[in-house]
Amino acid sequence: METLIKERHTPVYGGKIQCRAQGSKHAFSRIFPSFLLFRNGTLTNVPDILDVHLQVEFMRLFGYEVTYDNKTHTLTYDGYGESRQNLTTDSRIYNHSRSLVNLFPLISKENTSLYVPGGCPIGKRDISWYLEIMSKFGIEFENKGDRLYLTRRTVTKAPENIKIRNRSFSSTNIAISCALERQIKIIIENPSIEPEILDLLEMMDEAGAKIEWDSAYNVLDLDARDLNLDREINFTVMDDRNHVVTMIIGALLLEKKIDILYCKPLQMKPFYELLSMMNIRINEDDDRMVLESDPSDFMSNTNLKFETGPYPKVCSDWQPLLATLAKKGVGIELYEGLFESRLRYLEEYSHLGIQYILEGERSARIFESSSTLPKSKIEVRALDLRCGGGLGLLAMLVPEKVYIHNTVQIRRGYDNYPSDLNLLVGKEVFTYKEEPNAQEQ
Ligand SMILES: CC(=O)N[C@H]1[C@@H](OP(=O)(O)OP(=O)(O)OC[C@H]2O[C@@H](n3ccc(=O)[nH]c3=O)[C@H](O)[C@@H]2O)O[C@H](CO)[C@@H](O)[C@@H]1O
Ligand SMILES: C=C(OP(=O)(O)O)C(=O)O
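Residues numbered from 1 in each chain as written. Chains lettered and ligands numbered in written order. Predicted model: local features only at pLDDT ≥ 70, side-chain atom pairs only at ≥ 80, totals over all residues. Heavy atoms only, no water.

Within the protein chain, the secondary structure is distributed over 14 helices and 23 strands. Relative to a compact globule of 441 residues, whose C-alpha radius of gyration would be 22 Å, the protein chain shows 22 Å and is just as compact. Its C-alpha atoms give the protein chain principal-axis dimensions of about 65 × 50 × 45 Å. By residue count, 58% of the 441 residues in the protein chain fall in the buried class. Taking the contacts inside the protein chain whose residues are at least 6 apart along the sequence as the reference set, 74% of them involve residues at least 24 apart. Accessible surface, the protein chain: about 17900 Å² in total, of which carbon and sulfur atoms supply 46%. Averaging the coordinates of the 53 positive side-chain charges in the protein chain and doing the same for the 63 negative ones gives two points 3 Å apart. (Helix = DSSP H or I, 4+ residues; strand = E, 2+ residues; numbered from the N terminus. Rg over C-alpha atoms; globule rule 2.2 N^0.38 Å. Buried < 20%, exposed > 50% of the residue type's maximum accessible area, 1.4 Å probe, protein only. Contact = heavy atoms within 4.5 Å. Areas by Shrake-Rupley, 256 points an atom, 1.4 Å probe, with all protein chains shown as cover. Lys, Arg positive; Asp, Glu negative; His and termini not counted. Charge placed at Lys NZ, Arg CZ, Asp CG, Glu CD.)

The following block contains the structure:
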């Protein structure tokens, strides 16, 4: 298996860098199921990450002619070929891509036995709300041990309206893709209009669906009755907000100015609000953002207090990245509003100079640690994707050699993380290396 290794180096502060944001993992996972309802087409700006490769592999298993070119970041779909009934899929795919659940409505065209995606280090990752939405569209399933048998499909009367529980992102997406497939008009109450869902709606709007969102009452009116699914569709996926946040925090840690290019405006308001609490200004345009402040004079004596939750609250995925700012003397107090156990990364961070106090399962206070690091080498583990992201950022700040194990988690969501980190550091110090005896998780 593989490790992300950072060689010994002397961190250098200051300067300016420019980078390009990668395509969005979460937008891709929300767009892909609806995109596959059309006859053929292409998606561009699709990131070269494990999560994409697994979703492509998964749909190919079911006869979907999908190919992905990692040089051009383009995914091509040439139609739904031969039907593959009664498949039994392997569990490895689920361990690495929770987003597969978004594809369940599509593959319920077959009688299929799937592993039930269980929890992961950040929480239980229950899927019962998603199954509840699917059942309203006549998708039947049966739970047997660790397997879920998906059997299509009683042609029930499609619902005219549906209420999403507790602003769930994936439930919203599943309701939208089921409604598109049935080509109905539907009112979706209480949807989670995360920026990635807006990207999906943009694709549907371009394809001819009629969409109205009443933000005051949070009601989405989706009319897909005149949608022509028998056509080609081409769409550019938005850029990844989590990647942008990673790069900005990396620049702050190394006191650099940063200029990030992206393909369409990102909805980053909650992040900018946090930055302004630290006196940091961002200048934003339609295709780039520039960190304006001089990063050397912002951090000391600031406190960052925040709670994660559905948009426009702070995105849960940013939480482990923001926590690394403690290393610059920022006092952090956080409450994780979404996932039960998303604070386990702190134990790993403690090997790289972070100290913390847990207050229950969801709250923490985080500081810079005064204890000295081991001189020879530091070994840590990427428990989940953003834990891996944060460990990479912290490794930039220490001279010692660092081994970050379980890179499969990092590869799930970062297109080329060693190269991002090297750009931030200004030297080639990070590389992925094969490590024969390690176990991936
Ligand atoms: C609204 C929100 O912020 N969603 C985040 C969530 O989306 P993701 O799509 O994974 O999760 P949902 O938005 O559906 O879930 C939101 C909340 O509902 C709970 N739940 C969900 C389904 C269910 O059957 N039962 C249940 O209790 C979850 O535990 C969670 O606390 O994780 C993604 C990956 O980290 C983030 O990018 C998303 O921003
Ligand atoms: C938790 C994340 O993603 P996933 O839902 O794929 O685990 C993330 O992007 O930080």
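Having put the structure on the table, let's press on.
Strands belonging to one sheet form pairs held by backbone hydrogen bonds; the direction of such a pair is parallel or antiparallel. With respect to topology, four strands assemble into an open sheet ordered 17-18-20-19, the strand pairing being mixed. Since the sheet does not close on itself, it has two edges, and those belong to strand 17 (303-307) and strand 19 (354-359), each with one partner. When strand polarity is set aside, the average angle formed by the axes of neighbouring strands in this sheet is 15°. By the bridge criterion, six bridges tie strand 19 to strand 20 (residues 363-368) in an arrangement that is antiparallel. By the bridge assignment for strand 20, Gln-355 is matched with Phe-367. (Pairing = 2+ DSSP bridges. Axes fitted to C-alpha atoms, helices over the stretch in contact; angles between N-to-C directions.)

Moving on, we come to the site of ligand 1. Around ligand 1, the structure places 19 residues, and the nearest of them are Tyr-130, Ser-168, Ser-170, Asp-317 and Leu-338. Elements with a contribution of two residues or more to the shell around ligand 1: helix 1 (25-35), helix 5 (128-136) and helix 6 (169-182). Broken down by element, the shell around ligand 1 gets its largest block of residues, three residues, from helix 5. The class makeup of the residues in the shell around ligand 1 is seven nonpolar, five polar and seven charged. Each of domain 1 (2-21 + 239-434) and domain 2 (25-236) contributes no fewer than three residues to the shell around ligand 1. (Near = heavy atom within 4 Å. Nonpolar A, V, L, I, M, F, W, Y, C, P; charged D, E, K, R; others polar. Domains from an automatic or database assignment.)

Let's shift gears to the site of ligand 2. Taken together, Lys-25, His-26, Ile-122, Arg-125, Asn-242, Asp-317, Arg-342, Leu-385, Arg-386 and Arg-412 make up all the residues around ligand 2. Within the contact set of ligand 2, an oxygen atom lies 3.0 Å away from a side-chain nitrogen or oxygen of Arg-342. The fraction of the free accessible surface of ligand 2 (290 Å²) that becomes covered by protein chains is 94%. Residue assignment for the shell around ligand 2 shows that the elements contributing at least two residues are helix 1 and helix 12 (385-395). In the shell around ligand 2, the residues fall into two nonpolar, two polar and six charged. Inspection of the shell around ligand 2 shows a minimum of three residues originating in each of domain 1 (2-21 + 239-434) and domain 2 (25-236). (Polar contact = N/O pair within 3.5 Å; in protein donor to acceptor, adjacent residues only side chain to side chain.)

This part covers the packing of aromatic side chains. For any pair of aromatic rings, the description rests on two quantities: the centre-to-centre distance and the angle between the ring planes. For the structure shown, the criterion picks out eight aromatic pairs. Each member of the aromatic cluster is reached from another via a ring pair, and the members are Phe-35, Tyr-64, Tyr-77 and Tyr-80. We note Arg-30 situated over the ring of Phe-169; from NZ or CZ to the ring centre the distance is 3.8 Å. The lysine or arginine in question, Lys-144, covers the ring of Tyr-149, its NZ or CZ lying 4.7 Å from the ring centre. (Phe/Tyr/Trp six-rings, centres within 6.5 Å; stacked < 30°, edge-to-face > 60°. Lys NZ or Arg CZ within 6 Å of the ring centre and 35° of its normal.)

Where helix 6 meets helix 7 (residues 195-207), the closest approach of the two axes is 10 Å, and the angle between their N-to-C directions is 10°. Taken together, the axes of helix 6 and helix 7 are roughly parallel relative to one another. As for how helix 6 packs across helix 7, the hand of that crossing is left-handed. Counted together, Phe-169, Thr-172, Asn-173, Ile-176 and Leu-180 of helix 6 and Glu-196, Ile-197, Leu-200, Leu-201 and Met-204 of helix 7 form the full contact between these two elements. (Parallel < 35°, antiparallel > 145°, perpendicular 65-115°, else oblique. Left-handed = near helix turned anticlockwise from the far one by under 90°.)

Attention shifts here to the sheet that holds strand 8 (residues 147-151). One open sheet accounts for three strands, arranged 6-8-7; its pairing is antiparallel. At either end of the open sheet lies a strand with only one pairing partner, and these are strand 6 (112-115) and strand 7 (140-144). Going across the sheet, the axis of each strand differs from the next one's by a mean of 25°, ignoring polarity. Judged from the four bridges that link them, strand 6 and strand 8 form a sheet pairing that is antiparallel. Note that in strand 8 the partner of Tyr-115 across the bridge is Arg-147.

Turning our eyes to something else, we now look at the domain arrangement of the protein chain. Partitioning the protein chain into domains gives domain 1 (2-21 + 239-434) and domain 2 (25-236). Taking only C-alpha atoms, the centre of domain 1 and the centre of domain 2 are 30 Å apart. Across the boundary between the two partners, domain 1 contributes 26 residues, which contact 26 residues of domain 2. One can count six salt bridges joining domain 1 with domain 2. Put simply, domain 1 and domain 2 have 15 residue pairs in polar contact (both at pLDDT 80 or more) between them. For the side of domain 1 that touches domain 2, the secondary-structure elements that each account for two or more residues are helix 8 (241-253), helix 12 and helix 13 (408-411). Of the residues assigned to the side of domain 1 that touches domain 2, the class counts are eight nonpolar, four polar and 14 charged. (Salt bridge = Lys/Arg side-chain N within 4 Å of Asp/Glu carboxyl O.)

Once that is clear, we can look at a negative patch on the surface. A cluster of like negative charges, contributed by Glu-284, Asp-285, Asp-286 and Asp-287, occupies part of the molecular surface. Its location among the elements puts Asp-286 in the loop between strand 15 (282-284) and strand 16 (288-291). (Patch = residues over 30% accessible without salt bridge, like charges linked within 9 Å, V, L, I, M, F, W, Y side chains within 5 Å.)

This part covers the environment of Ile-248. Following the sequence through the fold, Ile-248 ends up in helix 8. A relative accessible area of 1% means that Ile-248 is categorised as buried. Separated by 43 residues in the primary sequence, Ile-248 and Leu-291 have C-alpha atoms spaced 7.8 Å apart. Apart from the residues lying within four places of it in its own chain, the contact partners of Ile-248 are Ile-258, Ile-260, Phe-271, Leu-275, Ile-282 and Met-289.

Time to look at helix 9 (residues 269-277). For helix 9, the complete set of buried residues consists of Pro-270, Phe-271, Tyr-272, Leu-274 and Leu-275. In this fold, the buried residues of helix 9 make contact with helix 8, strand 15, strand 16, strand 17 and helix 10 (319-322). Directly beyond the C-terminal end of helix 9, a positive phi value near 65° is found at Asn-279.

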